[in-house]
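Chains, contacts and geometry: an overview
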Amino acid sequence: MSNPVLVCALRRINAFKVLADALKRLTQCREKPSESGSLLQTVMALTPEVTFRQAILFFTETDFVTGKTSFSNDCPKTCVPLKSICFSYLVGASQRCHAESLFSYLQTGAQILCTVLLIKPGAWSHSLARILQKLDLEKFRVVGMKHINLEPDVALGLLSSEVKQDPAVLEAHCTYLTSGTALVLCLQRPNAVKKLVDLLGPEDPKLAQALDPFLWRAQYGISTVQNGFYGSESYQRAVRDMKLFFPEGLCCTECQTLEEEEV
């Protein structure tokens, strides 16, 4: 108790898992690793609830507020917006400053977001009712839906950089994606992007089957090309996909996230 300690409040996507993994790597490098397995519990909070309780012990509301600046109209918004946050605005000629309360963010919990699910040709025509039922069970709300015949340039934009490195694989993906009608859904729920990515599983159906036979690509995928689904892999990608596939707008009630991204 005689030595000072450093207390940090850290924030990022998947913060608990990333920090836990980092601490595990650090403890493995120590000369005498902890045998009790409780070292992580002594240096980090393990749940959002514990985080909040510990944060109010060490920080005040003033300490726990960060400034965030976004430029209006002529500058891309690179920060993920937060819903139901206490904002204060300082409006100038060219910029708007947000002071967001992280205490309020912790109390609010998961924010309502939108993501895009594209059911590839051949997958939705035989299994649409079952897929919609799964979405309902996972608390997704469908706020946009349309049939679409993908143009080659649009199909190309959906593919990962790894796929684009192999010309033969790239051609196989583009040929399949443009071979028939796809169904595009815009889905809304708390933490929609990560939830959908977790449900879909790896792009290789065989790998998905090995991990969990209930993953959607394990159930509906045939190969790495005909794997059933495309899902927005990040929030920024989801915003791009919504603007691409639903330029006319969505049927959901407007929320802070969509307003700030001008969707």
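Residues numbered from 1 in each chain as written. Predicted model: local features only at pLDDT ≥ 70, side-chain atom pairs only at ≥ 80, totals over all residues. Heavy atoms only, no water.

Identification of the protein chain as NDK5 kinase from Pampusana beccarii is taken from an unreviewed UniProt entry. Word for word, the UniProt comment on the protein chain under Sequence similarities (unreviewed entry) is "Belongs to the NDK family." (UniProt positions renumbered as here; feature names shortened; annotations may be inferred.)

Looking at the sheet that holds strand E6 (residues 182–190)
Here we have four strands laid out as an open sheet, ordered E5-E6-E4-E7, and antiparallel in their pairing. Bordering the open sheet on either side are strand E5 (141–148) and strand E7 (229–231), each of which pairs with just one other strand. Ignoring strand direction, the axes of neighbouring strands in this sheet form an average angle of 20°. On the sheet, helix H9 (residues 192–200) packs against strand E4 (112–119), E6 and E7 and is oriented at approximately 35° with respect to E4. (Pairing = 2+ DSSP bridges. Helix = DSSP H or I, 4+ residues; strand = E, 2+ residues; numbered from the N terminus. Axes fitted to C-alpha atoms, helices over the stretch in contact; angles between N-to-C directions. Contact = heavy atoms within 4.5 Å.)

Notes on the packing of aromatic side chains
Summed over all chains, the structure comprises two aromatic pairs. Centroid distance Trp216 to Phe229: 5.9 Å. Interplanar angle 50°. Geometry classified as tilted. Of this pair, Trp216 sits in helix H11 (residues 216–220) while Phe229 is found in strand E7, placing the two residues 13 residues apart along the sequence. For Phe229, a relative accessible area of 1% corresponds to the buried category. Measuring from centroid to centroid gives 5.8 Å for Tyr220 and Phe229, while their planes differ by 85°, and the two rings are edge-to-face. On the basis of relative accessibility, which here comes to 14%, the residue Tyr220 falls in the buried class. Here the aromatic cluster, defined as three or more aromatic residues joined through ring pairs, consists of Trp216, Tyr220 and Phe229. If you follow Arg189 out to its NZ or CZ, it ends over the ring of Phe140, 5.5 Å from the centre. (Phe/Tyr/Trp six-rings, centres within 6.5 Å; stacked < 30°, edge-to-face > 60°. Buried < 20%, exposed > 50% of the residue type's maximum accessible area, 1.4 Å probe, protein only. Lys NZ or Arg CZ within 6 Å of the ring centre and 35° of its normal.)

Considering unusual backbone geometry
The phi torsion at Lys139 lies on the positive side, around 70°, for a residue other than glycine. Its place among the elements puts Lys139 in the loop between helix H5 (124–137) and E5. The residue Asn191 is not glycine, and still its phi comes out positive at about 50°. Relative to the assigned elements, Asn191 resides in the loop between E6 and H9.

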